[in-house]
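# Observations on the model geometry
These are the residues of each chain, in order.
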Amino acid sequence: WSLKSAFNSLFDYKTDTDAKICAHVNSKDTFTTQHLSGNCDRRVFVIGSEKGFSKNEDELLMHYGFVNVSLGQRVMRVGSAANVVLSANSFQRGF
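Residues numbered from 1 in each chain as written. Predicted model: local features only at pLDDT ≥ 70, side-chain atom pairs only at ≥ 80, totals over all residues. Heavy atoms only, no water.

Turning next to the layout of surface pockets. Taken as a whole, the largest pocket spans an internal volume of roughly 200 Å³. As for the largest pocket, its lining consists of 17 residues, and the residues nearest its centre are Ala23, His24, Val25, Val75 and Met76. (1 Å grid on protein atoms, 1.4 Å probe; cavity = no way out; pocket = protein on both sides within 12 Å on 5 of 7 lines; lining within 4 Å. Points joined across faces, edges and corners; volume = space filled by probe spheres on them.)

And the structure:
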């Protein structure tokens, strides 16, 4: 098992209609529902630990087309970050 093989198996698809969002503590781009707009068949959200992603993880996420976004000025716990992202996704989709 390796991180790269795990990423390859999870994210090895290249579809223009997919939204690939990565909640990242160092991103200057603030997460909004605009990141979720468009006709997306599948949305993938990656939320890391409170300490952030390693350089290797950052490179792999960028390779697979993920967009880094900030969830705010404070670092959230993983569960809180997941709730923010999923709530925004549900709101944008009208659920």
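After that view of the structure, there is still more to cover.
Along its 16 residues, helix α3 (residues 78-93) runs 23 Å from first to last C-alpha, staying within 8% of the 22 Å computed at 1.5 Å per residue. Residues of α3 that are buried include every one of Ala81, Val85, Ala88 and Asn89, and no others. Around the axis of α3, the buried residues are gathered within 100° of arc, so they sit on the same side. Exposed residues lying more than 90 degrees from the buried face of α3 are Asn83 and Phe91. Lining the buried residues of α3 we find β2 (43-47). Phi turns positive, to about 80°, at Gly94, one or two residues after α3. (Helix = DSSP H or I, 4+ residues; strand = E, 2+ residues; numbered from the N terminus. Expected span 1.5 Å × (residues − 1). Buried < 20%, exposed > 50% of the residue type's maximum accessible area, 1.4 Å probe, protein only. Arc of directions from axis to C-beta. Contact = heavy atoms within 4.5 Å.)

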